[in-house]
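# Report on the structure
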Amino acid sequence: MSVKPPIKCPPNYSVLVFRLTECKKAGIVKGITTQLAIDLQEMYVPVSNYEEKFISLKAGETKRIDVSSIADTGRLKEQFVFTANPAFCGLGTEHSYSLYDKDLDLIETISFTVNDDHNTFVLAFQHAINISTKIKSLVSFTTNEFETLGTLTTLSINAGVKYRHIFAFDITGFGGYPTYPFLHPGNLIVPNEKYPLGRIKLMMIYPDYYKANINTGCGCIDASGDMKSNVKYFEYAYDDNVNSINNPTSPILYDPNISTWSQNSTDHIGYHFKVGDYISAAGNSKLRGIITSIEGYAITVDTEIGDYTLTGDQLLSHVNSPNKITWRKIGDFYLHTTAQDVVSTDRDFIETLWLKNPHKYDLPIKILLAI
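In this report, we go over the structure that sits alongside the text.

The rules behind these values
Residues numbered from 1 in each chain as written. Predicted model: local features only at pLDDT ≥ 70, side-chain atom pairs only at ≥ 80, totals over all residues. Heavy atoms only, no water. Helix = DSSP H or I, 4+ residues; strand = E, 2+ residues; numbered from the N terminus. Buried < 20%, exposed > 50% of the residue type's maximum accessible area, 1.4 Å probe, protein only. Contact = heavy atoms within 4.5 Å. Areas by Shrake-Rupley, 256 points an atom, 1.4 Å probe, with all protein chains shown as cover. Lys, Arg positive; Asp, Glu negative; His and termini not counted. Charge placed at Lys NZ, Arg CZ, Asp CG, Glu CD. Polar contact = N/O pair within 3.5 Å; in protein donor to acceptor, adjacent residues only side chain to side chain. Patch = residues over 30% accessible without salt bridge, like charges linked within 9 Å, V, L, I, M, F, W, Y side chains within 5 Å. Salt bridge = Lys/Arg side-chain N within 4 Å of Asp/Glu carboxyl O. Arc of directions from axis to C-beta. Pairing = 2+ DSSP bridges. Axes fitted to C-alpha atoms, helices over the stretch in contact; angles between N-to-C directions. Disulfide = S-S within 2.5 Å.

## Comments concerning the overall build of the protein chain
- Within the protein chain one finds 3 helices and 26 strands.
- In terms of principal-axis extent, the alpha carbons of the protein chain reach across some 90 × 70 × 40 Å.
- By residue count, 39% of the 371 residues in the protein chain fall in the buried class.
- Considering only intrachain contacts with a sequence separation of at least 6, the fraction spanning at least 24 residues in the protein chain is 70%.
- As presented, the protein chain carries roughly 20,800 Å² of accessible surface, and 53% of it is formed by carbon and sulfur atoms.
- In the protein chain, which carries 33 positive and 40 negative side-chain charges, the distance between the mean positions of the two groups comes to 13 Å.

## Side note on the environment of leucine 183
- Structurally, leucine 183 can be placed in strand β13 (residues 182-184).
- Classification of leucine 183 by relative accessible area gives partly exposed; the value is 28%.
- As a C-alpha pair, leucine 183 and isoleucine 166 span 17 residues in sequence and 6.5 Å in three-dimensional space.
- When neighbours within four sequence positions are excluded, leucine 183 is seen to be in contact with Ile166, Phe167, Ala168, Gln263 and Tyr297.

## Focus on the side chain of serine 265
- Assignment of secondary structure puts serine 265 in the loop between β18 (260-261) and β19 (278-281).
- Reaching out from serine 265, the side chain makes a polar contact with the backbone nitrogen of leucine 253 at a distance of 2.8 Å.

## Some details on a nonpolar patch on the surface
- Residues Tyr206, Phe333 and Leu335 make up a contiguous nonpolar surface patch of roughly 280 Å² in combined accessible area.
- Secondary-structure assignment places tyrosine 206 in strand β15 (residues 202-207).

## Concerning the pattern of salt bridges
- The full count for this structure, using the stated rule, is 13 salt bridges.
- Its salt-bridge partner being aspartate 239, residue arginine 64 comes within 3.0 Å of it at the nearest N-O pair. One end of the pair, arginine 64, is in strand β6 (residues 62-64); the other, aspartate 239, is in helix α3 (residues 239-246), with 175 residues separating them in the sequence.
- Using a relative accessible area of 29% as the deciding quantity, one classes arginine 64 as partly exposed.
- Aspartate 239 gets classed as buried once you look at its relative accessible area, which sits at 2%.
- Across the salt bridge formed by glutamate 351 and arginine 199, the nearest N and O atoms sit 3.8 Å from each other. Placement of glutamate 351 in the loop between β24 (334-337) and β25 (353-356) and of arginine 199 in the loop between β14 (187-190) and β15 is noted, with a sequence separation of 152 residues between them.
- Residue glutamate 351 is classed as buried on the basis of its relative accessible area of 17%.
- Connected via shared salt-bridge partners are Arg199, Asp240 and Glu351.

## Looking at α3
- Those residues of α3 not exposed but buried are Asp239, Asn241, Val242 and Ile245. For α3, the buried positions fall inside an angular range of 165 degrees around the axis, keeping them on one side.
- Along its buried surface, α3 packs onto β6, β16 (234-238) and β25.

## Overview of the sheet that holds strand β11 (residues 151-156)
- Read from one edge of the open sheet, 4 strands run β10-β11-β7-β14, paired in antiparallel fashion. The open sheet has two free edges, formed respectively by β10 (139-142) and β14, since each of these has just one partner strand. Across the sheet, the mean angle from the axis of one strand to that of its neighbour is 25 degrees, orientation sign disregarded.
- When strand β7 (residues 79-83) meets β11, the two strands line up antiparallel, connected through 5 bridges. Note on β11: the bridge partner recorded for phenylalanine 82 is leucine 152.

## Here's the deal with the state of the cysteines
- All told, the structure shown has 1 disulfide when counted by the stated rule.
- There is a disulfide in this structure between cysteine 218 and cysteine 220, and the S-S distance comes to 1.9 Å. Taking the sign of the torsion about the S-S bond as the criterion, the disulfide between cysteine 218 and cysteine 220, at about -55 degrees, is left-handed.
- For cysteine 220, a relative accessible area of 2% gives the class buried.

What follows is the structure in structure tokens.
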């Protein structure tokens, strides 16, 4: 009886990969004797682009690793859902839909009436879309659930594009809302990008302590003239953590007297807040609450926030707890890899890092980035 050896396909050398290039092992050695080793020859990460960086992290300096030249934002087709009571959108009602670009510049408005020629809301709306000059080439609509669930869904035709939408529903006088028109900006379902700040697949950081300027009175040298082991490190924090702490204020305008966000906000609320977020308004973080629902322009918070003595809109802010950046330590080496981002629902890519040098010497650092 013979045993067949396992058949192993050779690697594809025509594609870019990150892998160990020499002995392909890592372990613990004593003298020339290997005490423990892990074979890493199977380690490889397929990549499509890469960049090498050399930075000098000055004493006391904090610096963000810029990955913008190769980063992927994960472009998606933006999707919103709109809700209204179909029972109040019958014959004789007049409605409109407006599409704006991300800067709130109007692209096109269509108006339509439910009448004898188009005797349901859906038929009247579809007819208006078909004769539009711009809207029909930029967004598509799903209307088959309006009559039963009261929902309309928009989907951007091109990925990565951000729009603003406003439906003006005529439901006054039919047992509907008391204010005409009933405006709805849509509830964000899918954003136009997965990673607005850009992310990557691989990051390797290698500090060059041997080239650090330790002979400048930093107090970091031992009796032998070498760098002290307890200062042989620097610190890092995740990009999302730093941004959430340093930039808690959003562009969303909020009126606490009527619990709504304003259509004059420079962005849609869905890009900044979701149910469960801890928020405050008017810069008063002592009056804070948790968002329990967002429906159109209406926001429900579990307690009062904002300044009720003021009239008009107030900026909404995130409230972070704990309200501080979490810094972690890097010693001799840092490597972070991730999986492939294959389908639109994947969220696998890694965010960049902020680096901080808490010491009194400048530290040269080599960085390898890949996507």
